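Analysis of the macromolecular model
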Amino acid sequence: MGGSSFGKIFRISTFGESHGKALGVIVDGCPAGLPLSEEDIQSYLERRRPGKNLKMTQRKEEDRVEILSGTFCGRTTGTPIALLVRNEDQRSKDYGEIAESFRPGHADYGFFSKYGFRDYRGGGRSSGRETLSRVAAGAIAKKLLQELHITVEAEVSELAGISLATPEGKEEADRRILSLRAEGDSAGGVVTCKVNGLCPGIGEPVFDKLDARLAQAVMSIGAVKAVEIGDGILVSRSLGSENNDAFFVEEDNELNKDSACLRLRKESNHSGGILGGMSDGAEIVLKASFKPTPSISKAQKTVKEDGEPITIEIKGRHDPTVVERACVVVEAMTAVVILDCLLENMSAKLENVKKIYGKEE
């Protein structure tokens, strides 16, 4: 199987299946000297861990991470960091009745067509459980970004079509999700992720645009069906005079006092912090739209591998919505992209190279 690695300099490779012995990730390209412990990573895994409330799958997993390599005396060594999380609460028997049928909304048919067989136990590599590897890698990326005073934070902004901007909206959404759970159905939602503290000029202007790389990273999360930057699809309904963000020079800005760039700011942020594929110094705003969880207990029509039409009711422990647990996954993949682009950008100017390798005159 190809496509299990992502990134250029800060590169991650994930492995493992939903019902296998373990899942994990190899992180390559992390600079030496970063303080790193299992506790640093564990707090992020806790945010996506299943079974914490009735809006999540009741699969009981502690998701304890083990650092197998890449650190010494509590700091990264510059060598590949291997992280492992062992599976503890698999119930493969729950999937016995669908072993020969294609679940609607799942990757079953694609896997069968591509490889000639598939791991039907929870979806194997296409399971949402694969995302814990991304979260573990993202925890390292976020810790390194903190050293640069760059923050990456995500939150659920919409659930089951209900805005969570107010406490009343959150309560209504919670009631809706619990009602869908009782009905054997599911719902989708929107995660909004924001990046602050990033300097302008990060990203490449052609094929490797910052927004393109962010879109690829977030779209690679299994249930994501759309990614928007800034105003997103609303730009198609606006005028140029409305969509353009006016610039102004900010005086006495301590953060950029020593910068060679003008201390520019914007009166608005319709661009979502990215212009021409590069960061413009404003807050980066990204939205990811998640589809409803495809594993539902309601009766659904499908066919078996031999073409026989059947009706199935999916058993097992599934999320009535994946959005709350997926929030930290969006955060992780965004952090991985931002860090990778920052490391790549270090060689964009001769003066940057000379700061490291130049000889004093």
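Here we summarise the structure given alongside this text. These numbers were taken from a predicted model, which means no experiment stands behind them. (Residues numbered from 1 in each chain as written. Predicted model: local features only at pLDDT ≥ 70, side-chain atom pairs only at ≥ 80, totals over all residues. Heavy atoms only, no water.)

1. A short note on the pairing of strand S10 (residues 189-196)
Using the following cut-off: Accessible area is worked out with a 1.4 Å probe on protein chains only. A residue is then buried under 20% of its type maximum, exposed over 50%, and partly exposed in between. Helix numbers and strand numbers start at the N terminus; a helix is a DSSP run of H or I with at least 4 residues, a strand a run of E with at least 2. Strands pair, by our definition, only if DSSP identifies at least two bridges between them.
With six of eight residues buried, S10 lies mostly within the body of the structure. In this sheet, S10 lies alongside strand S8 (residues 151-159) in antiparallel orientation, the contact comprising eight bridges. Looking at S10, one finds that glutamate 153 is bridged to lysine 194.

2. Remarks on the environment of serine 297
Spelled out, the test is: Any two residues whose heavy atoms approach within 4.5 Å at even a single point are treated as in contact.
Among the structural elements, serine 297 can be located in the loop between strand S16 (284-290) and strand S17 (300-303). Here serine 297 falls in the partly exposed class, since its relative accessible area comes to 40%. Sequence separation of serine 297 and arginine 181 is 116 residues, and the distance between their C-alpha atoms is 9.2 Å. With residues near it in sequence (within four places) discarded, serine 297 still touches Gly184, Glu313 and Ile314.

3. Considering a nonpolar patch on the surface
Here is the rule: Each patch is assembled from residues with relative accessible area greater than 30% and no salt bridge, linking like charges that lie within 9 Å and nonpolar side chains (Val, Leu, Ile, Met, Phe, Trp, Tyr) that lie within 5 Å. Here, Shrake-Rupley sampling with a 1.4 Å probe gives the accessible areas, and only protein chains in the shown set may cover a residue. What counts as a salt bridge is simple: a side-chain nitrogen of Lys or Arg found within 4 Å of a carboxyl oxygen of Asp or Glu.
The grouping of Met346, Leu350, Val353, Ile356 and Tyr357 at the surface amounts to a nonpolar patch, some 570 Å² of accessible area in total. Examined against the element boundaries, methionine 346 turns out to sit in the loop between helix H7 (323-345) and helix H8 (350-357). You can call methionine 346 partly exposed: its relative accessible area is 44%.

4. Things to note about the packing of helix H5 (residues 210-219) against H7
Basically, it comes down to this: Throughout, an axis means a line fitted to C-alpha atoms (over the contacting stretch in the case of helices), and angles, computed between N-to-C directions, take values from 0 to 180 degrees. Crossing handedness is defined as follows: a turn of the near helix away from the far one that is anticlockwise and smaller than a right angle gives a left-handed crossing, while the clockwise case is right-handed.
One way to put it is that H5 packs onto H7 with a least axis distance of 9 Å and a crossing angle of 145°. Regarding H5 and H7, the two cross each other, and that crossing is right-handed. Within the contact between the two elements, H5 uses Leu210, Arg213, Leu214, Ala217 and Val218 and H7 uses Met333, Thr334, Val337, Ile338, Asp340, Cys341 and Glu344.

5. As for the sheet that holds strand S11 (residues 224-229)
Reading across from one edge, S9-S8-S10-S16-S11 is the order of the five strands in this open sheet, with antiparallel pairing throughout. Among the strands making up the open sheet, the edge pair consists of strand S9 (162-163) and S11. In the packing of H5 onto the sheet, contacts are made with S11 and S16, and the angle to S11 comes to roughly 155°. Strands in contact with H7 are S8, S10 and S16; relative to S8, the strand with the most contacts, it is inclined by about 145°.

6. Looking at unusual backbone geometry
Of note in the backbone geometry, aspartate 63 takes a positive phi value of approximately 55° without being a glycine. In this structure aspartate 63 comes out as buried when scored by relative accessible area, which is 1%.

7. As for H5
Since the α-helix packs 3.6 residues into each turn, any two residues three or four apart lie on the same face. For clarity, the threshold we go by: To obtain the arc, one takes the directions from the helix axis to the C-beta atoms.
By the burial criterion, the buried members of H5 are Leu210, Arg213, Leu214, Ala217 and Val218. All buried residues of H5 fall inside an arc of 125° around its axis, so they share one side.

8. So, the sheet that holds strand S1 (residues 5-6)
Strand order in the open sheet formed by five strands is S1-S2-S3-S7-S4, and the pairing between neighbours is antiparallel. Bordering the open sheet on either side are S1 and strand S4 (65-69), each of which pairs with just one other strand. In terms of strand pairing, strand S2 (residues 11-16) meets strand S3 (residues 22-28) through six bridges, oriented antiparallel. Counterpart to arginine 11 in the pairing with S3 is aspartate 28. Across the sheet, helix H1 (residues 38-48) lies against S4 and strand S7 (81-86), angled at about 140° from S4, the strand it touches most.

9. Re the packing of aromatic side chains
Rules: Working definition: rings of Phe, Tyr and Trp (its six-membered ring) pair if their centres are within 6.5 Å, and the pair is stacked with planes under 30 degrees apart, edge-to-face with planes over 60 apart, and tilted otherwise.
Counted by the stated rule, this structure contains three aromatic pairs. Each ring, one from phenylalanine 111 and one from tyrosine 115, has its centre 5.8 Å from the other, and the planes form 40°; the classification is tilted. Of the two residues, phenylalanine 111 and tyrosine 115 are both situated in helix H2 (residues 108-115); the distance of four residues between them amounts to about one turn of the helix. Members of the aromatic cluster, each reached through a chain of ring pairs, are Phe102, Tyr109 and Phe112.

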